Every structure is written in C-alpha cells, then in structure tokens.
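The lines below spell out each chain.
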Amino acid sequence: MRSALPLVLFLVLPASAPAHYNMLLPKSPSVERGKEVTLIYQWGHPFEHELFDAPLPESVIVLGPDGKKTDLIKTLKKVSAKVGKRDVTAYEIPFTPEEPGDYVFVLHTPAIWMAAEGVYYQDVVKVVLHVQAQKGWDQWEDSTFELTPLTRPYGLVAGTVFQAQLTRSLKKAEPDANPKTPLGPYFVEIERYNATPPKELPADEFLTRTVKTDPNSVVTCDLPETGWWCLTAARTIGTKDHDGKMVPVHDRSTFWVHVADKPRP
C-alpha cells in the first residue's frame, strides 16, 4: 500500500532540469505471444544515462488485453547495472504474454527522498508491451494521478505527434466522479533515454523539454528521434516528515513511449 499523506495542497509544478525519472523499459517494445520478454526498472537521469540505486517498488502490476490485472511483485529480480566504475541496483521483471494484445505495466514507487531538492518523489510509471494485436493500449489503472495515452504508444516513427491525458482515480473521495474529468493545466517534462552516456551533452533546454497540458489535461508533443521517451507530470499533494521537518511530497506520473525506425517495404 502507498503511504497515506495529508492532501493539504495541490500545486502544478514547473519543469526543472536535470531531473530524476523512473525508467520501466521492456527489452523489446513488441514480442510474439508465448515469447518471454524482460523489463528493466532503473532510477536516474535517462538522457545522461546517469543511474543511481533504484528503490524496491511498492507494487508492479500488468493489465492484460482483457483488462485482467496480474500482480508481478514476486517476479522482481534484483540486479546490478554497471555505470562507469560503479554498480547500481536495478530490477528485472520477466514476463511471458499468453494472448495477443497490449499489456500495460504499472509500477508504483515508495516515497523517494531527494536531498538536493528537499522533497519526496512518489511516482507511478507506465509502459505498454505490444503483442501482435492492437487491443488494450489505452487502459488505465485507476491511480490517483495517471497519464493515459490518447495516441497508440507503439508503431510510431520519428516526428510523430503524441498525445496523452492526465486522469484521476475513482477509488478516493469521489467514487461517483468521471475518471476522465480534466485535472486542469499541468507542466509535462519530456526526455529521451540513452542506453549509454552521450559523449557530449546539450544545453539543459535541449536535454529536458517542457510542454503544458490544455484545459482538458491533454498533453501534445512531437517525438523527433527513435528510441524510448518519457513524459512526466507532477504535482505537490502534501507533506511528509523528514528528520523532524515537514517537507513537500511530489506526486508524479511517468509514461514511456517507443519510437521506431521507419519500416522498410
């Protein structure tokens, strides 16, 4: 269970760089039915490929094409990832899809202390695995703060315009509310993942891009290069004690999207 936090304020957060993000990436964005695929969970700076010890997730589930929810927390395998001369903690999640369709993986983190910023991050991270049939990619888990794709998040090529919407939970204080009720304008940070550290880094404004959702909480952006991209929205939901001092808690939602090379005839 996620820790209960006093909901004393709801602030839209502006973008800041560099930022830490949770990475939940399948080794392949699409597989065939019955073929095992491994997802890797990492923590750090995606563009710089600067990684740190990933916290043990509070929960990991997958929504199948039929909407069935499967708990994957017991399948987690703790591994070490090499970053320069350092070894950092990461987690692998083996998974074998039994039916064609799209599988939505959702990972919840514990509250992560960010000493440099003096805040806690508490994140939900999502990614879609495509398995031969286009069915179920727009599912949402019913989290308190969740990015759900409006554009199919696979089979995309460089330059594609991508859209997603922030939604809210039915599980909390408004059981009769429409989960698609807009949450209002939010800043969304966009960053590309590099599998190895780049030799040279661009200026911060090219490293992490920032857009703002429209009044219906829909974010629109282009994805100009191949590879994995993350979209992350954040808000401040309350405070939490840290060494006797109450500090802000940032509730964040991250969605990972894959951009492929153009298919050859």
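Below is a summary of the structure that appears in this document. Keep in mind it's a predicted model, so treat the numbers as computed, not measured.

## Observations regarding the overall build of the chain
And step 1. Within the chain, the regular secondary structure consists of one helix and 19 strands.
And step 2. Counting the 265 residues in the chain, one finds 52% classified as buried.
And step 3. In the chain, the share of contacts with a sequence separation of at least 24, taken over all contacts with a separation of at least 6, comes to 66%.
And step 4. Roughly 12700 Å² of accessible area belongs to the chain as shown, and the carbon and sulfur atoms make up 53% of that amount.

## Structural notes on the environment of methionine 114
And step 1. On the secondary structure map, methionine 114 appears in strand 10 (residues 112–114).
And step 2. The class of methionine 114 is buried, set by a relative accessible area of 6%.
And step 3. Methionine 114 has contacts with His20, Trp43, Val119 and Tyr121, leaving out every residue within four places of it along the chain.

## Some remarks on the environment of threonine 236
And step 1. Checked against the element boundaries, threonine 236 lands in strand 18 (residues 227–242).
And step 2. Overall, the relative accessible area of 5% leaves threonine 236 in the buried class.
And step 3. Note: C-alpha distance between threonine 236 and valine 249 (13 residues apart in sequence) is 5.7 Å.
And step 4. Here histidine 250 takes part through its side chain, which lies 3.4 Å from a polar atom of the side chain of threonine 236.

## Focus: the pattern of salt bridges
And step 1. If you walk through the whole model with that rule in mind, you get seven salt bridges.
And step 2. For the salt bridge of aspartate 123 with arginine 252, the shortest nitrogen-to-oxygen distance reads 2.7 Å. In this pair, aspartate 123 sits in strand 11 (residues 119–131) while arginine 252 sits in strand 19 (residues 245–260), placing the two residues 129 residues apart along the sequence.
And step 3. For aspartate 123, a relative accessible area of 0% corresponds to the buried category.
And step 4. The shortest N-O distance in the salt bridge between lysine 126 and glutamate 146 comes to 2.8 Å. Here the residue lysine 126 occupies a position in strand 11, and glutamate 146 occupies one in strand 12 (residues 146–149), the gap between them amounting to 20 residues.

## Considering the nonpolar core
And step 1. Counting residues in hydrophobic clusters, the biggest one holds 40 residues, and the most contacted among them are Leu24, Phe95, Phe105, Leu129 and Trp256.
And step 2. With six residues, the single largest contributor to this core is strand 11.
And step 3. With sequence-adjacent residues up to four places away left out, tryptophan 256 is seen in contact with Asn22, Met23, Leu24, Leu25, Pro46, Val125, Lys126, Val127, Tyr193, Trp228, Trp229 and Cys230.
And step 4. Counting residues in each nonpolar core, the second largest holds 26 residues, with Val106, Ala164, Tyr186 and Cys221 among its members.

## Quick look at the side chain of threonine 160
And step 1. On the secondary structure map, threonine 160 appears in strand 14 (residues 160–167).
And step 2. Within the structure, threonine 160 has its side chain in polar contact with the backbone oxygen of valine 157 (distance 2.6 Å).
And step 3. Once you skip the residues sitting within four places of it in the chain, threonine 160 turns out to touch Cys221, Asp222 and Leu223.

## Regarding the pairing of strand 5 (residues 59–63)
And step 1. Of all the five residues making up strand 5, four are buried; the element is thus mostly covered by neighbouring parts of the structure.
And step 2. As paired elements, strand 5 and strand 9 (residues 101–108) share five bridges and run antiparallel to each other. Bridge pairing in strand 9 links serine 59 to histidine 108.
And step 3. Bridging between strand 5 and strand 6 (residues 69–71) involves three bridges; their strand directions are antiparallel.

## Quick notes on the sheet that holds strand 14
And step 1. The antiparallel open sheet is built from three strands, whose spatial order is 12-14-17. In this open sheet, the two strands that pair with only one neighbour each are strand 12 and strand 17 (218–223). Mean inter-strand twist for the sheet, computed between neighbouring axes without regard to direction, equals 35°.
And step 2. Of the strand pairs in this sheet, strand 12 and strand 14 are connected by four bridges, and their pairing is antiparallel. Looking across to strand 14, one finds that proline 149 is bridged to alanine 164.

The rules behind each value
Residues numbered from 1 in each chain as written. Predicted model: local features only at pLDDT ≥ 70, side-chain atom pairs only at ≥ 80, totals over all residues. Heavy atoms only, no water. Helix = DSSP H or I, 4+ residues; strand = E, 2+ residues; numbered from the N terminus. Buried < 20%, exposed > 50% of the residue type's maximum accessible area, 1.4 Å probe, protein only. Contact = heavy atoms within 4.5 Å. Areas by Shrake-Rupley, 256 points an atom, 1.4 Å probe, with all protein chains shown as cover. Polar contact = N/O pair within 3.5 Å; in protein donor to acceptor, adjacent residues only side chain to side chain. Salt bridge = Lys/Arg side-chain N within 4 Å of Asp/Glu carboxyl O. Core = buried A, V, L, I, M, F, W, Y, C linked by side-chain atoms within 4.5 Å. Pairing = 2+ DSSP bridges. Axes fitted to C-alpha atoms, helices over the stretch in contact; angles between N-to-C directions.

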